[in-house]
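Chain by chain, the residues run as shown.
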Amino acid sequence: MSLIPDDVIEQVREAADIVGIIGEHVELKRTGSDFRAPCPFHGGTHRNFAVIPRKGMYYCFVCHAGGDVFTFFMKKLGMDYPTAVREVARRVGITIPERGPTGPDPREPLYSAVAAAADWFARQLLENPEAQVARDYVTTRHLDLETVQPLGLGYAPKSKALLDAMKGLGVRDEVLLEAGLLASREDGTLTPRFRGRLLFPIHDLRARVVGFGGRILGEGEPKYLNSPDTPIFHKGKLLYNLHVAKHAMRKAERAILVEGYFDVLRVSLAGIEEVVAPLGTGLTAEQAQLVKRHAPHVILLYDSDEPGLRATFRAGDELLREGLRVSVATLPAGEDPDTLVQRKGAAGLEEILKDAVDVLERKIQILDRKGFFGTLPGRRRALDRLLPTIRAATDPITRELYISRVAEAAGVRKDVLEREVTISGKGKGERGPGSTIPPSPFPIPQLPASAEKALLLLLLEGEPWKSRVTEAVDPEELEFPLYRAVFESVADDAVLALDDTSARAYEQLKAEGLGARDPNEMYDLAVNWMEARRLERQLERLDDQLPFESPERQASLIAEKRRVFDELRKRYPRYKIAKRRRGAPGT
């Protein structure tokens, strides 16, 4: 069967009267802004089935059936997805142009597997005694299960029950592995990727569940774990809640960008529905392009601490490159969108949003408050921080306004600043009209090849290498400051807290990856070298100590030094040659 273009599917979905269509099959009665009826899927008699027109979805609070207008036809009338789309299109008078290859989508087994897992995880949250910890956690966030049920939140048990459940549904292990639901251990055995976590389903623009974000409950790392990249899930190309928020974004002509899953839930449940979030990482160019498709204006609503501000301005620059208008809303100290809405409700948040200022203006406010414009060296440093945002503005009028504002704030001539913007931007990866190379607003550090670098490349591969590296090496042992900063941030799941230079180093390392190198060989060599460095530092300490000891104690230290040196030669026979040639630590 021919594929239906995505934009046409969106057009059909938005044109469909979900209340009218579902109302042909059940007797709907208005309840507030929603409509209720007995569930047509499990034969209920009470009005537990809700149709929510503002979200274009339905949900049963008893059997947990839910979806959009297409899903309703599929479940109620047994249609496949393309047939359901065509039937709705016929009803709303939209002609569907055909395109693409014929035949079933080869990714369909992955979509089916993830959908089946999402339903199973949602049932675990409601029914599994082990999930009491998750239910209690939801309560501590001042939410109730009836509120979050339609959102599809779930719980992943610590056991391997998922494998048995999926096997009972006929889903093969190879499909679960490719869909990112299972992980393969070193011995080849398969285990659920998510264990002991509260799960947030992540949807694509067609409202299909394609992956999950999981928050650990209790001790363990990382705090949040996402599905790995798969043929249907690409973390940097999706936004949490966009499948619902896109309609509100078009209507409000704005998007609100927050950092976390709970921030999205709290804000959207308060009635401000045009809210989305990146998936635990910095905003990517692809995500900025997604926002641009649905709204011309973005309000950044991140935390106001230092890491939050860094993430704010990185996201702001990425959005400016797409020609969007970008504002920054400032939260009170110690608040995030979740806590603010809990305290002051939607009205309190709207006040914050109403006072949002342009992203460049917010930068100037912060620099002015810190006294940067009070001295000549301070002005130079302020310009260094403002220039990346000026260059990021691809809209010519916005860039012109930015140049004028910064010239005024820093007390420099506009023509001088224009030359600085043009000259300094050349050769640094700046993206102009027609360019596809993303600019780098951060200094490009020199990253020496070393055992420390090898360990970082392994660390960035995720599990199981992350656990192996962090168990074998302490961050304090890394002598190159940039490597130590990146190591600590990845180990603590705090990449967004990196300063600009360290963040650039992190990006370079991520881009390099392992390539064709054997990770096991890299690990063995690197850990062996780090152990050799431990012994070498021990020798250095003994050398420093020797001149200040008594003759008797010196004899004991010399014997200890000989023992350490012998062990070092065993681990690294060419130690003396390597030490003479070594530049950066571990080279």
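Residues numbered from 1 in each chain as written. Predicted model: local features only at pLDDT ≥ 70, side-chain atom pairs only at ≥ 80, totals over all residues. Heavy atoms only, no water.

Peer 1: Just checking my understanding: could you explain the overall build of the protein for this structure?
Peer 2: Per the secondary structure count, the protein includes 25 helices and 16 strands. Classification of the 587 residues of the protein by burial places 48% in the buried group. In the protein, the proportion of contacts linking residues at least 24 apart, taken out of those at least 6 apart, comes to 62%. Split by element, the accessible area of the protein, about 27900 Å² in all, is 52% carbon and sulfur. (Helix = DSSP H or I, 4+ residues; strand = E, 2+ residues; numbered from the N terminus. Buried < 20%, exposed > 50% of the residue type's maximum accessible area, 1.4 Å probe, protein only. Contact = heavy atoms within 4.5 Å. Areas by Shrake-Rupley, 256 points an atom, 1.4 Å probe, with all protein chains shown as cover.)

Peer 1: In this structure, what is going on with the sheet that holds strand S10 (residues 209-216)? I would like to understand it.
Peer 2: Whether parallel or antiparallel, the strands of a sheet pair through hydrogen bonds between backbone atoms. Here we have four strands laid out as an open sheet, ordered S6-S9-S10-S11, and antiparallel in their pairing. The open sheet terminates on both sides in strands that have one partner only, identified here as strand S6 (154-156) and strand S11 (224-226). On average, adjacent strands in this sheet sit at an angle of 35° to one another, irrespective of strand direction. Strand direction decides the pairing type here: S6 and strand S9 (residues 197-203), joined by three bridges, are antiparallel. Bridging from a neighbouring strand, Tyr-155 pairs with Leu-198 of S9. Lying over the sheet, helix H6 (residues 132-140) contacts S6, S9 and S10, oriented at roughly 70° with respect to S9. (Pairing = 2+ DSSP bridges. Axes fitted to C-alpha atoms, helices over the stretch in contact; angles between N-to-C directions.)

Peer 1: Would you take a moment to explain helix H1 (residues 6-15) for this structure?
Peer 2: Considered for burial, the residues of H1 that qualify are Val-8, Ile-9, Glu-10, Val-12 and Arg-13. Those residues of H1 that are buried are in contact with helix H3 (69-77), helix H4 (81-92) and helix H10 (242-252).

Peer 1: Teacher, can you tell me more about the pairing of strand S15 (residues 325-328) here?
Peer 2: Sheet topology places strand S14 (residues 297-300) next to S15; four bridges connect them, and they run parallel. Looking at S15, one finds that His-297 is bridged to Arg-325. In this view, the connection linking S14 to its parallel neighbour S15 by way of helix H13 (residues 306-321) has right-handed handedness. Sheet topology places S15 next to strand S16 (residues 357-358); two bridges connect them, and they run antiparallel. The partner of Val-328 across the bridge, within S16, is Val-357. (Right-handed = clockwise from strand over helix to strand, strands pointing away.)

Peer 1: Is there a simple way to explain the sheet that holds strand S13 (residues 275-276) in this structure?
Peer 2: The mixed open sheet is built from five strands, whose spatial order is S13-S12-S14-S15-S16. Every other strand in the sheet has two partners, leaving S13 and S16 as the edge strands with one partner each. Contacts from H13 reach strand S12 (255-257), S14 and S15 within the one sheet, and its direction differs from that of S14 by about 175°.

Peer 1: Is there a simple way to explain the pattern of salt bridges in this structure?
Peer 2: Counting across every chain of the model gives 29 salt bridges. A salt bridge links Glu-273 to Arg-54, with the nearest nitrogen and oxygen atoms 2.8 Å apart. Of this pair, Glu-273 sits in the loop between helix H11 (261-269) and S13 while Arg-54 is found in the loop between strand S3 (49-52) and strand S4 (57-60), placing the two residues 219 residues apart along the sequence. Residue Arg-54 is classed as partly exposed on the basis of its relative accessible area, which comes to 43%. Across the pair Arg-254 and Glu-350 runs a salt bridge, and its minimum N-O distance is 3.2 Å. A residue pair is termed long-range when its members are at least 10 positions apart, and Arg-254 in the loop between H10 and S12 and Glu-350 in helix H14 (residues 337-354) qualify at 96 residues. Residue Arg-254 is classed as buried on the basis of its relative accessible area, which comes to 15%. By sharing partners, the salt bridges in this structure join Glu-10, Arg-13, Asp-68 and Lys-246 into a single network. (Salt bridge = Lys/Arg side-chain N within 4 Å of Asp/Glu carboxyl O.)

Peer 1: What am I meant to see in the packing of helix H16 (residues 376-392) against helix H17 (residues 396-410) here?
Peer 2: Geometrically, a packed helix pair is captured by the angle between its two axes and the distance between the axes. The interhelical angle for the contact between H16 and H17, taken along N-to-C directions, is 175°, at an axis separation of 10 Å. The pairing of H16 with H17 is recorded here as roughly antiparallel in orientation. Contact residues: Arg-379, Leu-383, Leu-386, Thr-389, Ile-390 and Arg-391 in H16; Arg-399, Tyr-402, Ile-403, Val-406 and Ala-410 in H17. Taken together, the residues of the contact of H16 with H17 break down into seven nonpolar, one polar and three charged. (Parallel < 35°, antiparallel > 145°, perpendicular 65-115°, else oblique. Nonpolar A, V, L, I, M, F, W, Y, C, P; charged D, E, K, R; others polar.)

Peer 1: What is the right way to read the environment of Ala-15 from this model?
Peer 2: Turning to its location among the elements, Ala-15 is positioned in helix H1. Separated by 78 residues in sequence, Ala-15 and Gly-93 have C-alpha atoms that sit 9.2 Å apart.

Peer 1: Please explain the packing of aromatic side chains as it appears in this structure.
Peer 2: We describe a pair of aromatic rings using the distance from one ring centre to the other and the angle between the two ring planes. Summed over the entire model, instances satisfying the criterion amount to 19 aromatic pairs. Geometrically, the ring pair formed by Phe-200 and Phe-262 is edge-to-face, given 5.2 Å between the ring centres and 90° between the ring planes. Pair noted here: Phe-200 is in strand S9 and Phe-262 is in helix H11, with a separation of 62 residues, a long-range link. Phe-200 gets classed as buried once you look at its relative accessible area, which sits at 0%. Ring geometry for Tyr-240 and Tyr-261: centres 4.8 Å apart, planes at 85°, overall edge-to-face. In this pair, Tyr-240 is assigned in the loop between S11 and H10 and Tyr-261 in helix H11, connecting sequence segments 21 residues apart. For the residue pair Tyr-240 and Tyr-261, the accessibility class agrees, reading buried in each case. Members of the aromatic cluster, joined through ring pairs, are Tyr-137, Phe-200, Tyr-224, Tyr-240, Tyr-261 and Phe-262. Directly above the aromatic system of Tyr-111 lies the positively charged group of Arg-208, at a separation of 4.0 Å from the ring centroid. (Phe/Tyr/Trp six-rings, centres within 6.5 Å; stacked < 30°, edge-to-face > 60°. Lys NZ or Arg CZ within 6 Å of the ring centre and 35° of its normal.)

Peer 1: Help me understand the nonpolar core, please; the structure alone is not making it clear to me.
Peer 2: In globular proteins that are soluble, nonpolar side chains generally tend to be buried together. Ranked by internal contacts, the top residues of the largest apolar core, which has 64 residues, are Phe-121, Met-166, Leu-198, Phe-212, Tyr-240 and Leu-301. For this core, the leading source of residues is helix H5 (residues 108-127), giving ten residues. In terms of nonpolar packing, the next biggest core, distinct from the first, is built from 46 residues, Leu-242, Leu-257, Val-276 and Leu-367 among them. (Core = buried A, V, L, I, M, F, W, Y, C linked by side-chain atoms within 4.5 Å.)

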